[in-house]
Amino acid sequence: MNIIDSDKPLIMGILNVTSDSFSDGGLFLAPDVAVEHALRMIADGADIIDIGGESTRPGSERVPAEEQKQRILPVLDLLKDQLPDNILVSVDTTLAEVAEAAVGAGATMLNDISAGRDDEGIFAVAVKKNIPIVLMHMQGTPATMQENPQYDNVVMEVRDFLLERAQTAEQAGVKRENIILDPGIGFGKTRRHNLQLLAGLGDIVECGYPVLLGTSRKRFMGAICDMEEFDELVGATCATTALGVRAGVKIFRVHDVRPNRQAADVSWAVKASEV
C-alpha cells in the first residue's frame, strides 16, 4: 500500500540543497551532509523526504534544469540505498527534465509549486512512473508573488484553482489517487490571506484529494509571534500542524521533523478518540 493511502498524518522533511533558501540555505550543499540530514529526519519520524534544488523564497530567481540536476542527483545517488522501503523521496521541481532525471535516480514522488503550469510535461513523468504529484497554488512567480497579492475570497479562489489543476492532471493521465493538493501558504498571499486559508483548510480537504500543508518557519507567523529568526518558529509551525490534522490535512512539509511528528500524532490521537 502506498503510504499516502494510510490513515495517519504524514510528515515530509524538507531537504534544500540550495544556497539561498529562506531558512536553511547553504546548510546541506554537500551530498554527504544532505544525506546525513535526510537520515536524521527519517529517524525523527519523517515519512517523506522532499529534495529541492531551487529556492522558491519570495524574490528568488529561477534555477536552470541542469543546475537543479547537479544539486539533486548526487544526493539521490547516495541516499537511495540507505532508505527504508516505506519512505518516499520527493523532488521539488517544476521542470519535467529535472523530474524525469530524479525519478530515474530513485525519487518516488513529485512536488510542483507551479501545478504543472511551468511545464505540463511533468504530468507525463508522473503518469509514466505512476507516482504521486503535489499541485500547489501560487499567485504570480517566486520573484513577484509578494508584490501586493489580491483576492476577493482567497479560500474559494485557491480551491477553484486547485480543482482546475487536478482536472488538468487527470486529463493528462495522472491517476486521481496520485494527486495531492497544496494551498500554497506564503506563495502570493499576505498574512491575512494565510490565516484565512488556515481557517478554511476544511474547504480544501473537501475537494476529495489528499492535502499538503507547508507553513514551516514562514514569515507571517513570525509577525504574529514577534519573532525575527526563522528557527524560533518551531512552536508556531507545530500549532499549524495540529490545526491541519484536525481539518483533515494528510501531509505536513516541515524543517523540524521531531516536534511536528509529535504535534501531528497527538492531534491525530485526540481526533481518533472523538465519540
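Residues numbered from 1 in each chain as written. Predicted model: local features only at pLDDT ≥ 70, side-chain atom pairs only at ≥ 80, totals over all residues. Heavy atoms only, no water.

Participant: Give a detailed account of helix α5 (residues 154-171), specifying residues and quantitative values.
Facilitator: Helical periodicity: at 3.6 residues per turn, an α-helix aligns residues three or four positions apart in one direction. Between its terminal C-alpha atoms α5 stretches 26 Å, which fits the 26 Å expected from 18 residues at 1.5 Å a residue. Listed as buried for α5 are Val154, Val155, Val158, Phe161, Leu162, Arg165, Ala166, Thr168 and Ala169. Down the axis of α5, the buried set is contained in an arc of 160°. They therefore lie on one face. Buried-residue contacts for α5 involve α4 (121-129), β5 (133-136), β6 (179-182), α6 (191-199) and α7 (201-205). (Helix = DSSP H or I, 4+ residues; strand = E, 2+ residues; numbered from the N terminus. Expected span 1.5 Å × (residues − 1). Buried < 20%, exposed > 50% of the residue type's maximum accessible area, 1.4 Å probe, protein only. Arc of directions from axis to C-beta. Contact = heavy atoms within 4.5 Å.)

Participant: Summarise the sheet that holds strand β4 (residues 109-112); cite the residues concerned and give the values.
Facilitator: Pairing is parallel across the open sheet formed by eight strands, whose spatial order is β6-β5-β4-β3-β2-β1-β8-β7. In the strand order of this sheet, the two ends are held by β6 and β7 (212-213), each with one partner. Strand direction decides the pairing type here: strand β2 (residues 48-52) and strand β3 (residues 88-92), joined by five bridges, are parallel. Following the sheet pairing, Ile48 is matched in β3 by Leu88. In the packing of helix α9 (residues 234-247) onto the sheet, contacts are made with β7 and β8 (251-254), and the angle to β8 comes to roughly 170°. (Pairing = 2+ DSSP bridges. Axes fitted to C-alpha atoms, helices over the stretch in contact; angles between N-to-C directions.)

Geometric descriptors of this kind do not, in isolation, establish any biological role.
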